[in-house]
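# Structural description and commentary
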Amino acid sequence: MFSFEKSEFYDRDKTVRILSGAIHYFRVVPEYWRDRLLKLRACGLNTVETYIPWNFHEPEEGEFHFDGMANVVRFIETAGELGLYVIVRPSPYICAEWEFGGLPAWLLADSDMQLRCYHQPFLDRVNAYYDVLMPKLKPLLCTNGGPVIAVQIENEYGSYGNDARYLEYLKHALTDRGIDVLLFTSDGPTDALLQGGSIPGTLATVNFGSQPVSSFAKLREYQADAPLMCMEFWNGWFDHWGKGHHTRDAGDVAQVFEEMLKEQASVNFYMFHGGTNFGFYNGANCQTYNHYEPTITSYDYDSLLDEAGEPTEKYFAVREVISRYSDIGEYEPPERIGRQAYGEVAMEEQAGLFENLDRLSTPFRSATPLPMEKAGQNYGFIMYTTRITGPRPAEELHLQDVRDRAMVFLDDALIGIIERAEKEQTVSFSVPAEGATLSILVENMGRINYGPYLKDAKGITEGVRLGFQFLFDWTIRPLPLKDLSNVTYGNTYVQTQPLFYRGTLHTETALDTFIDMGGWTKGVVFINGFNLGRYWNKGPQRTLYVPGPLLRKGENEIIVFELHGTRQRSITFTDKPILNQLMEE
């Protein structure tokens, strides 16, 4: 039984200081879970912490996935086999720079849905999810002989709201389903955040990256007779497209960590190993209206293990500090996982998006350009098409509102790009006497995962105006790009529209590698049908990480969906990441 009394945690009658690191199983291929956990143990940590993202496990309402990368049970069991404690954070919302903070996109199909509060339709869906998830977690609890010592009720709720009734409801949603281990909350170390996010009688923890003495002093004001714990020690940070790659000095991290140990506190490194936002699962920040900042594909986070799982200077600096406070044993990190630079692969075949629309999507008709969620779509792209009569003089096209980036085509020719921004952007065009076809391809760049604008529907959310006139009668084509097997390729295209490029990597090994997208503009890469994620020449990320288990000996199909154009029709497999290069000239 894991518990606390006064300032100490106890495993039965033995005092324990929790030294933990965050690893998100959903950002790491399952074949590497054991490797990452062994490296955590060898660093001197005794606990692994992970979120559980609702949208990863219930991608469509009532459709649950717990296999492959979603096999959270196997991840926890593996940690237990290695002698590690486990902290799980399965609250409906997780933030985590993850798409919609882990909330399922299909919630937004209900225009009246209220999030993260005592709103019965929201709670009904949480209950349906918990009815499936909690029976899987219950056998893994330490009270049942498993490794799970603590479960989070909600995540940094004080940064969002103050609905105490909602928090109590979630607490009972856990306990009523047999979750009888230590329950906790985590918030920033300020009055407002601790008041809004804490629950009387439940352990409160705090999240910060520096100034541990003052942060813990604030926590003591609200919780004087309980252990101190930093549930998220931000030892690195995440990146947004078009901004620099964040790094933090290893010595500074080690110093702040040691200050926490001197305070007799427990610590969870956020992150110990970041991993990758594969597919379309990256989130976005938006602290002021339409100041929208999507997160890049890499979640390297400048953490103790890099994106490919290799120990960094920070790893060894932290390990040295731990060795002076506790016996880390004789554990050593596993041997390095092999990497290979496979070289250049020609992308010889091309396929135009417009010619393949019927192979990729089933169209439907709507008076207005519905948002993705109303069209039954969660991620990817969506195409809106209408016919405009003419003649008309040049007028401005207004999208109300675009979420997040639109390519505007007139008779299949690109005439402009409209991006979600603080200042409205428009495209101006005239219409000839015979009329014209207007097509708008909108990319969901990632739903907001933190801040006051969490309710983030995608696509075109209200309407389209040419001048002051709303345009009606649209053909809508959802393009989630889940299956590209029906795309028909040729090799004679000049890029005047989004294109699919296809090539083949021949290899006799299956080792970790990185795809260098230098020379390409913006799009998505797929390897053997697996969506590696987005690239964009705005930077800072130029390479995409390819874990070895995604490759196979022999032929590997590579597909690049390029929105704008490339200076070269090839990609290069390298053995080194490039995460710090901004806009190409």
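Taken in spatial order, the six strands line up as β16-β26-β17-β22-β19-β20 in an open sheet, and their pairing is antiparallel. Where the open sheet ends on each side, the last strands, each with one partner, are β16 (364-366) and β20 (413-419). Strand after strand, the sheet turns through a mean of 25° between neighbouring axes, direction not considered. Note: strand β19 (residues 405-410) against β20, six bridges, orientation antiparallel. Opposite Leu 410, over in β20, you have Ala 413 as the bridge partner.

Further remarks concern the packing of aromatic side chains. Taken as a whole, this structure holds 42 aromatic pairs when the rule is applied. Centre to centre, the rings of Tyr 51 and Tyr 270 are 6.3 Å apart; their planes meet at 70°, and the pair counts as edge-to-face. In this pair, Tyr 51 is assigned in strand β5 (residues 47-51) and Tyr 270 in strand β11 (residues 266-273), connecting sequence segments 219 residues apart. The exposure class assigned to Tyr 51 is buried, which follows from its relative accessible area of 1%. Take Tyr 270: its relative accessible area is 2%, and that puts it in the buried class. Through pairs of rings, three or more aromatic residues link up here, namely Tyr 25, Phe 26, Trp 33, Phe 56, Phe 75, Trp 98, Tyr 281 and Tyr 379.

Glancing now at the sheet that holds strand β2 (residues 8-11). Strand order across the open sheet formed by three strands is β1-β2-β3, with antiparallel pairing between neighbours. Edge positions in the open sheet fall to β1 (2-5) and β3 (14-16), since each of these has one partner strand only. Within this sheet the neighbouring strands show an average axis-to-axis angle of 40°, counted without direction. Relative to β2, β1 runs antiparallel, the two being bridged by four bridges. Across the sheet, the residue bridging to Phe 4 is Phe 9, located in β2.

Grouped together as the largest cluster of nonpolar side chains are 164 residues, with contacts concentrated most on Phe 122, Phe 257, Phe 500 and Ile 571. Top contributing element to this core by residue count: helix α4 (residues 120-137), with eight residues.

A word on unusual backbone geometry. Geometrically, the link from Arg 403 to Asp 404 is a cis peptide bond, its omega value of 25° lying close to zero. Along the chain, Asp 404 turns up in the loop between β18 (392-403) and β19. The backbone of Phe 100 shows a phi angle near 60°, a positive value even though the residue is not glycine.

What follows is about helix α8 (residues 250-262). Over its 13 residues, α8 extends 18 Å from the first C-alpha to the last, a length consistent with the 18 Å expected when each residue adds 1.5 Å. Buried within α8 are the following residues: Ala 250, Val 253, Ala 254, Val 256, Phe 257, Glu 258, Met 260 and Leu 261. In this fold, the buried residues of α8 make contact with β4 (19-23), β9 (203-208), α7 (212-222), β10 (229-234), β11 and α9 (313-323). Capping the start of α8, Asp 249 holds a side-chain oxygen 2.9 Å from the backbone nitrogen of Gly 251, two or three residues further along. Gln 264 lies just past α8 and shows a positive phi near 65°.

What follows is about the pattern of salt bridges. All told, the structure shown has 42 salt bridges when counted by the stated rule. Linking Arg 477 and Asp 358 is a salt bridge whose minimum nitrogen-to-oxygen distance equals 2.9 Å. Taken together, the positions of Arg 477 in strand β26 (residues 474-479) and Asp 358 in helix α10 (residues 357-360) put the pair 119 residues apart, joining distant regions of the chain. In this structure Arg 477 comes out as buried when scored by relative accessible area, which is 14%. For Glu 419, the salt bridge goes to Arg 405, with nearest N and O atoms at 3.4 Å. Of this pair, Glu 419 sits in strand β20 while Arg 405 sits in strand β19, placing them 14 residues apart in sequence. Residue classification places Arg 405 among the buried residues on the basis of a relative accessible area of 7%. Three or more residues joined by partner-sharing salt bridges are found here, namely Asp 35, Arg 36, Lys 39, Glu 310 and Arg 336.

What counts, and at which threshold
- Each chain carries its own residue numbering, running from 1 in the direction its sequence is written.
- In view of the model being predicted, local features appear only for residues whose pLDDT reaches at least 70, and side-chain atom pairs are presented and counted only at 80 or more, with totals across whole chains, interfaces and linings using the full set of residues.
- Side-chain numbers come from the whole structure's heavy atoms, not from hydrogens or water.
- At least two bridges found by DSSP between two strands are what make those strands a pair.
- In DSSP terms, a helix is any run of H or I states spanning at least four residues, a strand is any run of E spanning at least two, and both are numbered starting from the N terminus.
- Orientation is described by axes fitted as lines to C-alpha atoms, over the contacting stretch for helices, and by angles from 0 to 180 degrees between their N-to-C directions.
- Note on aromatic pairs: the rings of Phe, Tyr and Trp (six-membered ring only in Trp) are paired at centre separations within 6.5 Å, and the planes decide the class, stacked below 30 degrees, edge-to-face beyond 60, tilted for the rest.
- Burial here depends on accessible area, computed with a 1.4 Å probe over protein chains only, as a share of the maximum for the residue type. Under 20% is buried, over 50% is exposed, and the range in between is partly exposed.
- Nonpolar cores are built from buried Ala, Val, Leu, Ile, Met, Phe, Trp, Tyr and Cys residues. Side-chain atoms within 4.5 Å join them into one set.
- Between the first and last residue of a helix there are one fewer steps than residues, each counted as 1.5 Å, and that sum is the expected span.
- Contacts are assigned to residue pairs with any non-hydrogen atoms lying within 4.5 Å of each other.
- For this analysis, a polar contact is any N or O atom pair within 3.5 Å, provided that within protein one partner can donate a hydrogen and the other can accept it, and provided that sequence-adjacent residues contribute only side-chain to side-chain pairs.
- Counted as salt bridges are all cases of a side-chain nitrogen of Lys or Arg within 4 Å of a carboxyl oxygen of Asp or Glu.

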